[in-house]
Every structure is written in C-alpha cells, then in structure tokens.
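# Coordinate inspection notes
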Amino acid sequence: YHRDVVHAYGFDTRDTVLDKSATRQKFSDLGARFGIASTLLDSSRLNYKVGIRYSDLTDNYSVRESEFALEGSLAKRMKEMYTGIDLSMDLFRKDKAVFEPETVPEGSARNILRFRPFIAFNRERISFRAGLSAESMKDSVSSFHVFPRLRVELPVSEGVLHVFADLGGQVEKN
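So, here's what we can say about the structure.

Conventions used here
- Residues numbered from 1 in each chain as written.
- Predicted model: local features only at pLDDT ≥ 70, side-chain atom pairs only at ≥ 80, totals over all residues.
- Heavy atoms only, no water.
- Salt bridge = Lys/Arg side-chain N within 4 Å of Asp/Glu carboxyl O.
- Helix = DSSP H or I, 4+ residues; strand = E, 2+ residues; numbered from the N terminus.
- Buried < 20%, exposed > 50% of the residue type's maximum accessible area, 1.4 Å probe, protein only.
- Contact = heavy atoms within 4.5 Å.

### Considering the pattern of salt bridges
Per the counting criterion, the structure on display carries 11 salt bridges. We note a salt bridge from D86 to R129, for which the minimum N-O separation is 3.8 Å. Of this pair, D86 sits in strand β5 (residues 81-95) while R129 is found in strand β7 (residues 126-138), placing the two residues 43 residues apart along the sequence. Residue R129 is classed as partly exposed on the basis of its relative accessible area, which comes to 35%. For the salt bridge of R116 with E135, the shortest nitrogen-to-oxygen distance reads 3.1 Å. One end of the pair, R116, is in strand β6 (residues 107-123); the other, E135, is in strand β7, and 19 residues separate them in sequence. Across the pair, exposure class does not vary: R116 and E135 are buried alike. Among the charged side chains, a salt-bridge network with shared partners connects R53, E67, E71, D90 and R110.

### What to know about the environment of S127
Looking at the secondary structure, you find S127 in strand β7. We classify S127 as partly exposed; its relative accessible area is 27%. Measuring from C-alpha to C-alpha, the distance between S127 and R151 comes to 7.9 Å, with 24 residues separating the pair along the chain. Contacts of S127, omitting those with residues within four sequence positions, involve F121, N122, R151, V152 and E153.

Read these as geometric descriptors, not functional statements.
Shown next, in the form of structure tokens:
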C-alpha cells in the first residue's frame, strides 16, 4: 500500500480564493503480487514461472484505475536449443472522474494479450536468442501486432563484462 498527498501551487492568491481542500490531491495505491517458479538448474527439464498481480489506484476525485495481470513462462532445452514461450494477459480499467464531461464514457478499459515464443542457443562464446512477440490489444479499438525479438551476447571478460545487442518491440501501456 502506498498513499501520497500533493498540493497544487502557482495560482494568484490576491485574486483567487480557494478552499485549502481544493488544492490537495490524495492518491492511494493498493497492490499485491504472487508468483511461483521452478528452480531447477537442469535446463533439459521443464522450467516454469507463473505470476499474478493486482493494483488499484484511487484519488479524491473518485477516479479508480484497476489492473489485473497474469504472466507465465515455460522453457526447456531440446538438443542444442533452449526453447520456450512467455505468455501474459493484462487487464486495465479506469473509471471516470467526477469532473469529467458526460461525453467521456463511464469506464475505459484496455486489455493486452502477449504470446512470445523463442529459441536460444550458444555458438562458441556467443549467445543467441530469437523469437517474436504477437500481441493483441483492445481498448477503444482492437489491434494486433507482431514484433521481432533478437538478442546477441558476447562475454568480453567472462563473468565480469558482457556486450550485447537487443532488438525488439512491444505494445506500451499508456
């Protein structure tokens, strides 16, 4: 739980009379997260990770933003390649503030589904990871995007310094 209070400033007090409560904004953020994962060091066995999180943000203008997310991952080494998939579902809802005009819809929602298969392998000292991210987003409109994902990593000094290049994309939450 996190609570924060901020006070507005910058108005001319010689010609503006405001009640002190009109310059105060309170935010309350309540959240929780839970997850479970395998801790196997043997990559030829199935490794998994599952998580759930929730957050609820409110203020003193009756605005409420709620977010619920499920995340999961499965991966396993098959012959020379490490293969896996990351999945996630993010559900978000914002309720209208008391001062918003009637033309604003009562609640706005945004949902994002992500499906990210990948393969990874090592050659000599270089590590490669390639995959894609297929993402579906629904808010006022629906859209579907596919992004490439590529990572190359080379140890310059083993266990001390690694150089890497990462290429990828994703739908950003706003």
